[in-house]
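Coordinate analysis (summary)
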Amino acid sequence: MNLLSLKGSLPDIKKVFYFPEIESTNLYAKSSNLDEDSLVITDYQISGKGRFGRVWKSIPGLNLCFTLVKKLPLNLDELQLLNLYTAYSLVCVLKNLFPKLEKKLILKWPNDILLSNKKICGILIEVQNLKNKNKKFLIGIGLNVNQTDFPNDISENASSLKKESKQSSDISRESILINFIKFFYENLSLLKDRQALINSWMASSAIVDKKITYKQHEDGLEQTGIAKGLDNDCGLIIEFPDKKRKTFYSGEISLLYK
Ligand code: BTN
């Protein structure tokens, strides 16, 4: 990571913590109880954390792995909005930086980014002091930037910006990070406009009226249905073949790549 190019380019960030390698940037931010507007970034995570206890694997020096510590006055029923907002911010930045990839970059519910139907980004948001009005969020982002080889177990469903854009030179991780932080801080008011945020998210997800396959966490059952959009609580509305509808919330199901 070129820390020199980061210096002075992140006016919203009070302190950057860089580690050539570290267990997990989320874990560090949590255990060190960092102040808000801190950024923890590493070139290699020894055991990166994914959602639902999964691991996040990333090859040293090629991708972005960071955690932004941000305090926000969100109510409990607004927590999911931060997932949508973070993914939406990053996808906007990527579309802007890589206009040729614009149509292939889509949001996958609730907060993944796909490029050509393969996952390039995962987001893990953890919250501290849940009871406070002003909650401290650890916004962990893993974005595959320059990695072109993926382990067999994930190669079918995972990719990177460099791999999908088929470009030979490396993509600047610093420029993506700087632009993301800028967008994130500049557009925070969107978090207070639930409907506008949900609509913006949906416009970048291309999920409405698409056939989807999903797996229920409770019983591992795989089912298909038609996605009908998000409800007011960011739940995914699915229509079954008998036209009945059910809304699923984050944590209940995972969408599959089919
Ligand atoms: C997922 O899709 O399961 C979420 C993956 C989140 C990975 C990022 S990498 C930076 C931050 N630190 C972690 O340990 N995890 C997140």
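This text gives an overview of the structure that appears in the document. Each chain carries its own residue numbering, running from 1 in the direction its sequence is written. In keeping with the model being predicted, local features are shown solely for residues with a pLDDT of at least 70 and side-chain atom pairs are shown and tallied solely at 80 or more, while totals for entire chains, interfaces and linings include all residues. Side-chain metrics in this entry use all non-hydrogen atoms of the structure; hydrogen atoms and water are not considered.

Quick notes on the packing of aromatic side chains
When two rings of Phe, Tyr or Trp (its six-membered ring) have centres within 6.5 Å they constitute a pair, described as stacked for plane angles under 30 degrees, edge-to-face for angles over 60, and tilted for the intermediate range. Counted by the stated rule, this structure contains eight aromatic pairs. Taking 5.1 Å as the distance between ring centres and 50° as the angle between the ring planes, the aromatic pair formed by Y214 and F248 counts as tilted. Of the two residues, Y214 is situated in strand β10 (residues 211-216) and F248 in strand β13 (residues 245-248); the sequence distance between them amounts to 34 residues. The same class applies to Y214 as to F248, namely buried. Joined through ring pairs, the aromatic side chains of F66, Y85, F180, F184 and Y185 make up one cluster. Helix and strand labels come from DSSP, where a helix needs a run of H or I of at least four residues and a strand needs a run of E of at least two; each type is numbered from the N terminus. Relative accessibility under 20% of the residue-type maximum defines a buried residue, over 50% an exposed one, and the middle range a partly exposed one, all with a 1.4 Å probe and only protein chains included.

Comments concerning the packing of helix α3 (residues 79-97) against helix α7 (residues 194-203)
The axes used here are C-alpha line fits, helices contributing only the stretch in contact, and every angle between their N-to-C directions lies in the interval 0 to 180 degrees. Running from N to C, α3 and α7 cross one another at 45°; their axes reach a closest spacing of 10 Å. On the basis of their axis angle, the class for α3 and α7 is oblique. Of the two elements, α3 crosses α7, and the hand of that crossing is left-handed. Residues L81, L84, Y85 and Y88 of α3 pack against R194, L197, I198, S200 and W201 of α7. All amino acids are sorted into three groups, where Ala, Val, Leu, Ile, Met, Phe, Trp, Tyr, Cys and Pro are nonpolar, Asp, Glu, Lys and Arg are charged, and the leftover types, Gly among them, are polar. Here the residues of the contact of α3 with α7 are counted per class, giving seven nonpolar, one polar and one charged. Orientation categories follow fixed angle ranges, with anything under 35 degrees roughly parallel, anything over 145 roughly antiparallel, 65 to 115 roughly perpendicular, and all other angles oblique. Crossings are sorted by hand: turned counterclockwise from the far helix by less than a right angle, the near helix makes the crossing left-handed, and turned clockwise it makes it right-handed. Contacts are residue-level and defined by heavy atoms, with any inter-residue pair within 4.5 Å sufficient.

Overview of the pattern of salt bridges
When a carboxyl oxygen of Asp or Glu lies within 4 Å of a side-chain nitrogen of Lys or Arg, that pair is called a salt bridge. Summed over the entire model, instances satisfying the criterion amount to 17 salt bridges. For E186, the salt bridge identified is with K182, shortest N-O distance 3.3 Å. In this pair, E186 and K182 are both assigned in helix α6 (residues 173-186), four residues apart and thus about one turn of the helix distant. We classify K182 as partly exposed; its relative accessible area is 44%. Three or more residues joined by partner-sharing salt bridges are found here, namely K14, E36, D37 and K70.

Note that all results are geometric; they support no functional claim without further evidence.
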